[in-house]
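Understanding the architecture of this molecule
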Amino acid sequence: MSIAASPSSLEALPAPALRRAGAVARRRRVGRRRPPLALVAPAVVGAAAAVVPLWYLADRATSQGWSEVADELWQRRTLDLVVRSLALAGVVTALCVVIGVAAAWLVARADLPGRRVWQVALALPLAIPSYVSAFAWVSWKPWLAGFRGAVLVLVLASYPYVYLPVLAALRRLDPAHEEVARSLGWTPRKVVLLLTLRQVRPAIVAGALLVALYVLSDFGAVATMRFEAFTWVIYGAYRAGFNPAQAAILGTVLVAVAVVIVALEAHVRGSASFTRLGAGAPRPSRPLPLGRWRVAAVAFLVVVLAAAIAFPVAQVVHWMRRGADTGFDVARVASAVGATLRLSALAALAALAVAVPIGVLAARFRQRYVHVLERSTYVAHGLPGIVIAISLVFVGVRLLRPIYQETPLLVLAYVVLFLPLAVGTVRSSVEQLPVGLEEVARSLGHSPARVLARVTVPLAAPGLAAGAALVFLATMKELPATLLLRPTGTETLATELWKATSISDYAAAGPYALAIILLAAVPTALLSGLLTARADGPGDALP
Amino acid sequence: MGRATRTVGLLVAAALVVAGCGDDDDGDDTGSAAPSGTITIYSGRSEDLVKPLLDQFAAETGITVEFRGGDSGELGAQLLTEGDASPADVFFSQDAGALGAVSKAGLFEALPAELVERVPEAYRAADATWMGLSGRVRVVVHHPELAPAPPDHIDGLLAPEWKGKIGFAPTNASWQAFVTGLRVLRGDDGARAWLEGFAAQDPVAYERNGAVRDAVDAGEIALGLVNHYYLYEKIAAEGDGVVAENQYMAAGDPGGLVNVAGAGVLASSDNEAAAVALVDYLSGPKGQAYFAEKTFEYPLVEGTVTADVLPPLADLDPPALDLSDLDSLGETQALLADVGLLTK
């Protein structure tokens, strides 16, 4: 029996039920049946919502005629922008792979002191908004501004996108392979490079995809670091140039780049070999003694965490103390916390509801259109938030006027923005479930919808929870769509933070920045906690 | 048949004319009656700054004000995207450029003459679609040790001694408004010549004017091209530790452009009377006094007292320029991009 090791983005945080069932996922029989309408219909609706921004882009980009499009594209500047953004995405992704894989391997395989603490802590940088850490760094050392500063901040902000899936994949691997290799006289280094890394390659590639798309769409870090990436210019075209056509043309280029990256990921992943596992659950591996490298390994992780978490948090506290005499409005912070939690929870639930049919389809069926449906949710992920926000203004005010600038449309914007985070986790967690259970349920006369509700979703629950947690996290930090689409009078932590920084009042910004970080740490810890839960499961041989 | 159609057509036309007159009459009626209800304001000016004034307005008039804060440019882009369907009644912008863009798209309703005429002609739209409410002057903020004798005209900025020492905010609307002003005053070729010289100075780009000011105050750069009030805000917030100083520009120099924060009423407003009442209030004595006290900006209505740290507006002698001409931002951006100052 074979299992595809982690074929999707953010890795499935595996179901304990899986092990209780004493089975591993099987691919046989998958993909020959026709997908049930009960899944296809909602999946099509969800994917259609995700590509709404593309419709808007196409409409606006050509609004001034095709010659304008040609003029805008046929410029040295546009090519430069593509090169600059790709260079940034390439360097950041490469560094994230190095740091994320190294950290995951150390936590999963090495005799690191306090492994559980490291495991949770290494995911925490996801809780720090890139604009906060970028400002923390550049206000301390202005010479960081530019390419290197953008690389620094984006690597520290996004390596967990590689670390988490790789860690999950390592935990799921059967250590028997590595033990056999070692018994055959391979050095530990050779085992890691030639065997372990190959086995988790799909997880690495999937994580790298999310990092690359995140870098392409990020505005906060590149703006604060004054690196002229695509997003910076697109923002400029909207808010200083009132040139939606130009912004849309450049946005379309960004979409094209994202499509190429998504296709590239599918290609690289598609050629990856499946990992063969024996029947039954993998036995947790024995920690590998690091020996004299132990100190170096700990030092490496300490440096990463100090730069990614301790430094920005310390800077935020420093701003607050500098403005301590002015004090801050506790009720206002509390109300922003309430609004943020409410909107993030709604977004997480809505994204999950849309992601379940798409993710289940992608996991269980191989039809070409299923593939297109799933991939289409990724494309908008490479677009900057302002483009998604403006496109929903465009659509909302025309077609959905009753909910324009009301909570439902804002939640829809979050779903469009962050759907891939949930689709990826749903897909990979369902992929690990044995198809047989669903087939048994079907043979007992349950409808596909009932099988989904009673078998698939409960078994994949931890993975679904992780997907929801990721969307929750991303929503908390989101700014541009929140600013344009929030209900009048609603202020979130991110909009309050923006208000303070837009008038350069960093002391007032402190409490909001700190509240975002502290609140975001909860779902982040939950993400790693879902991983830990598995390691602590029955039969766990970890000390 | 033909005659019948024509007759019906005439009847309809007559009905429309009558209805039109009726509308006008209604409009006059509501104009004399006290406006009420709810209005939505899109504000590029920060909530902390404007809210107390709006609360005061709401208390005095009974009109409920729904406040949506954001970046002026982003709100302008939002208004352009929303078009006729916008829920906004009033747009309160940080700069004339955003107002000009919305006005150019035909989304504003002309304001009553007695309102716009409160401010000098230079600080309002020629077609009365928007009016300035407070003025902000472009200055050179400088570090007293790094630049003890800063230039007071923009060509002085091109001297070799300032190479690599000037900060500016390339995407900032006020900077771009200055460049638009430069194009209006010196023509596109003249503006290009100056910008190429400026680009050759290797100026340092920042995301915001506040960051330019902070960099000057910290001594990272010697000169910064910003608006006048950034310095006074910093002094008010941080006290005497601030070392940076403002250099106001020589008479008529393009670098001393006076831009405005201002407001317009959306044509799509469903409560125009209340929207106009708000602009009336903001340009009235209470509104003007408020801006003078809170923001270190120049109140534009004559007779309002200016903050005492400021040189009088009348003494500045800014370049003679129609702010309505500042709406050609598209061309400005193209020029800036071309000389490498918007994108590198």
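Predicted, not measured: the structure shown is a model, and the values here were computed from it.

**What to know about the packing of helix H2 (residues 37–50) of chain A against helix H20 (residues 407–431) of chain A**
All names here are of chain A. Closest axis-to-axis distance for the H2/H20 pair is 9 Å, and the angle between their directions is 90°. Considering their axes alone, H2 and H20 lie roughly perpendicular with respect to each other. For the pair H2 and H20, the contacting residues are Gly-46, Ala-49 and Ala-50 in the first and Leu-412, Val-416 and Leu-419 in the second.

**Some words on the confidence of the model for chain B**
Regions with low pLDDT should not have their predicted coordinates read in detail. Taken as a whole, chain B shows an average pLDDT of 85; of its residues, 89% reach a score of 70 or greater. Within the model, pLDDT remains below 50 along residues 1–31 of chain B, and this stretch shows zero contacts once partners closer than five positions in the same chain are excluded.

**Some details on the side chain of Ser217(A)**
Within the secondary structure, Ser217(A) sits in helix H12 (residues 201–217). Discounting residues that sit within four places of it in the chain, Ser217(A) has contacts with Thr231(A), His381(A), Gly382(A), Leu383(A), Pro384(A) and Gly385(A).

**Side note on the pairing of strand E2 (residues 64–69) of chain B**
Each regular strand displays side chains that alternate between the two surfaces of the sheet. Residue and element names in this part refer to chain B. When strand E1 (residues 38–43) meets E2, the two strands line up parallel, connected through six bridges. Bridge pairing links Ile-41 to Phe-67 in E2. The parallel pair E1 and E2 is bridged by helix H2 (residues 47–61), and the resulting crossover is right-handed.

**Description of the packing of aromatic side chains**
Each aromatic ring pair is characterised by the separation of its centres together with the angle its planes make. Tallied over the full model, the rule gives 20 aromatic pairs over all chains. Ring geometry for Phe219(A) and Tyr235(A): centres 3.6 Å apart, planes at 10°, overall stacked. With Phe219(A) in the loop between H12 and helix H13 (220–224) and Tyr235(A) in helix H14 (residues 230–239), the pair connects residues that are 16 residues apart, well separated along the chain. Residue classification places Phe219(A) among the buried positions, given a relative accessible area of 15%. Consider the rings of Phe168(B) and Phe198(B), whose centres lie 5.4 Å apart with planes at 85°: the pair is edge-to-face. You can see Phe168(B) sitting in strand E6 (residues 166–168) and its partner Phe198(B) sitting in helix H6 (residues 173–200), a full 30 residues away along the chain. An identical accessibility class is assigned to Phe168(B) and Phe198(B); each is buried.

**Re the layout of surface pockets**
Residues and elements named next belong to chain A. Each pocket or cavity is described by its volume, and for the second largest pocket that value is around 600 Å³. Along the walls of the second largest pocket sit 16 residues, with Trp-105, Leu-106, Arg-189, Leu-290 and Trp-293 positioned nearest its centre. Elements supplying a minimum of two residues to the lining of the second largest pocket: helix H5 (76–109), helix H11 (188–199) and helix H16 (293–322). When residues in the lining of the second largest pocket are grouped by element, the largest group, five residues, is from H11.

**Structural notes on helix H3 (residues 52–61) of chain A**
Every α-helix carries 3.6 residues per turn, so stepping three or four residues along brings you back to the same face. Along H3(A), the residues that are buried comprise Pro53(A), Tyr56(A), Leu57(A) and Ala61(A). Along the axis of H3(A), the buried residues cluster in a sector spanning 120°; they form a single face.

**With respect to the confidence of the model for chain A**
Residues and elements named next belong to chain A. Taken over all residues, the pLDDT of chain A has a mean of 81, while the share at 70 or more is 86%. Per-element confidence in chain A ranges from a low mean pLDDT of 36 for strand E1 (residues 2–3) to a high of 94 for helix H8 (residues 147–158). Every residue in residues 1–31 is under pLDDT 50, and counting partners more than four places away or in other chains gives 114 contacts. The low-confidence segment residues 271–280, where pLDDT is below 50, has 23 contacts with residues more than four positions distant or belonging to other chains.

What counts and what doesn't
- Residues numbered from 1 in each chain as written.
- Chains lettered and ligands numbered in written order.
- Predicted model: local features only at pLDDT ≥ 70, side-chain atom pairs only at ≥ 80, totals over all residues.
- Heavy atoms only, no water.
- Axes fitted to C-alpha atoms, helices over the stretch in contact; angles between N-to-C directions.
- Helix = DSSP H or I, 4+ residues; strand = E, 2+ residues; numbered from the N terminus.
- Parallel < 35°, antiparallel > 145°, perpendicular 65-115°, else oblique.
- Contact = heavy atoms within 4.5 Å.
- pLDDT = per-residue confidence, 0-100.
- Pairing = 2+ DSSP bridges.
- Right-handed = clockwise from strand over helix to strand, strands pointing away.
- Phe/Tyr/Trp six-rings, centres within 6.5 Å; stacked < 30°, edge-to-face > 60°.
- Buried < 20%, exposed > 50% of the residue type's maximum accessible area, 1.4 Å probe, protein only.
- 1 Å grid on protein atoms, 1.4 Å probe; cavity = no way out; pocket = protein on both sides within 12 Å on 5 of 7 lines; lining within 4 Å.
- Points joined across faces, edges and corners; volume = space filled by probe spheres on them.
- Arc of directions from axis to C-beta.

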